[in-house]
Amino acid sequence: MIFLNRLKLPALAVIVLVTIFASCEEDLTTVGSGVVGGEPFKNNKAVFDVFAYNRKIKAVSTNKLPIYQLGIYDDPLYGKTEAQVTTQVLLPSGDPTFGVTTQENEDNPSSATQILENETIDSVYLYIPFLTNPTGDADLDGLIDELDDLPLDPNSDTDGGGLTDSQENSRGSNPLDASDDRDDTNFVANQFAKTFDLDSIYVDGSLYSENSANPVFNLKVQRSTYFLRDLDPSVNFQEAQEYYSSQEFAPAFVDEVVYDSEASAEPIVISRDQIPLRNVDDESTEEVDESTQFSYLAPGIRVALDKDFFQENILDKEGSTELESQANFKEFLRGLHFSVSSGGNDVMFLFNLKLANITVSYTYDTADSEGVVTEKGGQKDLVLNFLRDSFSSTTGQLLSTDGNAVNTFVNEVYPPEITDNLDTGENASEIYLKGGAGTFAEIKLFDEVNSLEAINQIKSNNWIINNANLVFYVANGNLGVEPERLYLYNSETNAILPLSATDTDGLSEEYGGIIETSSDGKGVKYTINVTTYINNLVLNDADNVTLGLTTTPSLFLATVANAMLENGEEQELPLANTLSPLGTSLYGSAVDAANADKKLQLEIFYTETN
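Residues numbered from 1 in each chain as written. Predicted model: local features only at pLDDT ≥ 70, side-chain atom pairs only at ≥ 80, totals over all residues. Heavy atoms only, no water.

Attention shifts here to the overall build of the chain. Looking only at helices and strands, the chain features 8 helices and 33 strands. Out of the 610 residues in the chain, the part that is buried amounts to 50%. Across the chain, every contact between residues at least 6 apart in sequence was considered, and the portion connecting residues at least 24 apart equals 74%. With an accessible surface of roughly 27,400 Å², the chain has 47% of that area assigned to carbon and sulfur atoms. (Helix = DSSP H or I, 4+ residues; strand = E, 2+ residues; numbered from the N terminus. Buried < 20%, exposed > 50% of the residue type's maximum accessible area, 1.4 Å probe, protein only. Contact = heavy atoms within 4.5 Å. Areas by Shrake-Rupley, 256 points an atom, 1.4 Å probe, with all protein chains shown as cover.)

So, in structure tokens, the structure goes:
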């Protein structure tokens, strides 16, 4: 599943609910502290008080995340966040055989097939794919919208070569090269690098785009000496071990450098194009030289790691106790630590660690049936993973995730204008929301004690609730990349709020406010539809609970994770908030007169029955 598209998921359709009322003149009833006033009327609007309280997050649980952050994000309001990743490394299986025969057989002189295979590494490559926009190709013709002559028409012919873009996609020819449209007996499909619409990459505090001028950064990979436990010994190994974003593994728990782009003076350059890999010639096909052809990886980072490190710690350990099982290998190698530094740009990117890997290519000696040895006669690849899902062979259900990896977040101290307004217990004039180990808000409707006085008056007035919204206006113009969504939830149970009868699967995205922007792209406000929640209070006598408000990249990710708050309290928070470095600032209800029109309020549109 792709979670983020520039910290939004375009596959989640934006649903704007517009309620059209009768043509009678609309009056505005302002209700303070939940007291409904005024004479009965029909088809109207009332506003109610809302109270917001800023809370600081000290650390969040960050192992086995669906999406990891790596790099440096410089937010104009909140300051810099540096994200590092410390991860275990997984063998394909315990006690692997390299070459064709086991090490025990190689070491047995009485074996009829005994031969020292002398496995030797040719190359080791780390691959980390970037996230890509799942809707960057609106007409699904294989060409991203930016490059497509008619992005909504799959039958357009962008290169003018005579084949439509859709036909070229099916044929495997280049839709940007007219000469590739012609019939050719030597034509080989898919021999060009496609360009992708990259997602969730931030360069110098701004969103990476096609106009970004070749941003570069440095990546360092080191051996981790810290043992990441799978189970928690403090509860007799009955629960998974949690690791928090505040735990720093470098420099105390790292040693050997496996890769350092800064030391080699070759910084990483972000590219939207696929990565070409030259194929190996298949000697059984004499008429075709496959080494002239390429296969392609999705855009990302692909760098060569230290061959000697993997030769010594993996291939030369064949048949040893260190490789006898995954558990032994985790204890022996411990893992790798990834960090990023500026190579000209401050870069942070989000990625799926389950799709990242290390490919170890090696050769080995072979022997024919008569015992004649061919040096380096065989070649194989060993693929090492970091996190790996296991699924049921019958149901396809996810059973477990092997491996462990921790995201460390190092935040600069927030400026006084923010820190002085966190955890004060006072109704906020400005609401601060920051992803990762950042901030969130608690929201109370009608009054500060969650009473039902306003709800009881709504009942007595026989109101039918047509629509109810919380409107959050953006309060600060000095923001970096703004979150595309907010998420409102029940902070007392950490559950989603009640869904409408027609929305049992949550597909209409209730309680998720999508940002509304001005003509210059700056955020203006977020509107969160709470109609079902208010109706549940009125019609079902539900409790008026304290609500939680965070940023989110996806409303479909309703999982919660443990967090440690600044006051020492432990609390579960939406996991989605952890996956984003982005933040915003919103007007609360304790605003001054100059910003009264942006005051946070609950809007209820209703019809009163006789």
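So that's the structure; there's more coming.
Bringing the sheet that holds strand β5 (residues 120-129) into the picture now. Here 4 strands make up an open sheet; going across it, the order is β15-β5-β18-β19 and the pairing antiparallel. The open sheet has two edge strands, β15 (300-304) and β19 (373-385), and neither has a second partner. Sheet twist, expressed as the mean angle between neighbouring strand axes with direction ignored, is 20 degrees. (Pairing = 2+ DSSP bridges. Axes fitted to C-alpha atoms, helices over the stretch in contact; angles between N-to-C directions.)

Membership of the largest hydrophobic core comes to 74 residues, with the highest contact counts inside it found for Leu 126, Leu 219, Phe 310, Phe 338 and Ile 358. Those residues in contact with Ile 358, other than ones at most four positions away along the chain, are Val 124, Tyr 125, Leu 126, Leu 305, Phe 310, Leu 336, Leu 382, Val 383, Leu 384 and Phe 386. Residues Val 50, Leu 422, Ile 465 and Leu 586 belong to the second largest nonpolar core, which totals 47 residues. (Core = buried A, V, L, I, M, F, W, Y, C linked by side-chain atoms within 4.5 Å.)

Turning our eyes to something else, we now look at a negative patch on the surface. Judged by side-chain charge, Glu 239, Glu 242, Glu 570 and Glu 572 come together as a negatively charged surface patch. Inspection of the secondary structure assignment puts Glu 242 in the loop between β10 (216-224) and β11 (254-260). (Patch = residues over 30% accessible without salt bridge, like charges linked within 9 Å, V, L, I, M, F, W, Y side chains within 5 Å. Salt bridge = Lys/Arg side-chain N within 4 Å of Asp/Glu carboxyl O. Lys, Arg positive; Asp, Glu negative; His and termini not counted. Charge placed at Lys NZ, Arg CZ, Asp CG, Glu CD.)

A word on the pairing of strand β4 (residues 79-87). Burial analysis of β4 places 7 of its 9 residues in the buried class, the great majority of the element. By the bridge criterion, 5 bridges tie strand β3 (residues 68-75) to β4 in an arrangement that is antiparallel. Along β4, the bridge assignment pairs Asp 74 with Lys 80. What sits between the antiparallel neighbours β3 and β4 is a turn of 3 residues. Where β4 lies against strand β22 (residues 405-411), 7 bridges are found, and the strand directions are antiparallel. For Thr 81, the partnering residue across the bridge sits in β22 and is Asn 411. Across 3 bridges, β4 lies against strand β16 (residues 335-342) in antiparallel orientation. Bridge pairing in β16 places Thr 86 opposite His 337.

Before going further, it helps to examine helix α7 (residues 531-540). Quick reminder: α-helices carry 3.6 residues per turn. Residues three or four places apart thus point the same way. For α7, the tally of buried residues reaches 7 of 10 residues, placing the bulk of the element in the interior. Those residues of α7 lying buried are Thr 531, Thr 532, Tyr 533, Ile 534, Asn 536, Leu 537 and Val 538. On its buried face, α7 sits against β24 (439-445), α6 (453-460), β25 (463-473), β28 (523-529), β29 (547-551) and β33 (601-608). Immediately beyond the C-terminal end of α7, within one or two residues, lies Asp 541, with a positive phi of roughly 55 degrees.

What follows covers the pattern of salt bridges. Inspection of the entire model under this criterion finds 14 salt bridges. Among the salt bridges present, the one from Arg 55 reaches Glu 442, with a minimum N-O distance of 3.1 Å. One end of the pair, Arg 55, is in strand β2 (residues 44-60); the other, Glu 442, is in strand β24, with 387 residues separating them in the sequence. One salt bridge connects Asp 402 with Lys 330, and the closest N-O pair in it is separated by 2.8 Å. Here Asp 402, found in strand β21 (residues 398-402), pairs with Lys 330, found in helix α4 (residues 326-333); they are 72 residues apart in sequence, far enough to count as distant. The partly exposed category is assigned to Asp 402, whose relative accessible area is 24%. For Lys 330, a relative accessible area of 7% translates into the label buried. Three or more residues joined by partner-sharing salt bridges are found here, namely Arg 55, Asp 423, Glu 442 and Glu 569.

Moving on: the environment of Lys 80. Its location among the elements puts Lys 80 in strand β4. Taking relative accessible area as the criterion, Lys 80 reaches 31% and is therefore assigned partly exposed. As for Lys 80 and Val 413, which are separated by 333 residues in sequence, their C-alpha atoms are 8.7 Å apart. Once you skip the residues sitting within four places of it in the chain, Lys 80 turns out to touch Ile 72, Tyr 73, Asp 74, Asp 346, Val 410, Asn 411 and Glu 412. At 3.3 Å, the side chain of Lys 80 forms a polar contact with the side chain of Asp 346. (Polar contact = N/O pair within 3.5 Å; in protein donor to acceptor, adjacent residues only side chain to side chain.)

Right, let's get into the confidence of the model for the chain. Looking at the chain as a whole, its pLDDT mean stands at 87, while 91% of the residues score no less than 70. Mean pLDDT across the elements of the chain bottoms out in strand β1 (residues 28-31) (42) and peaks in β5 (98). Confidence drops under pLDDT 50 across residues 1-41; counting only partners more than four residues distant or on other chains, this segment forms 109 contacts. (pLDDT = per-residue confidence, 0-100.)

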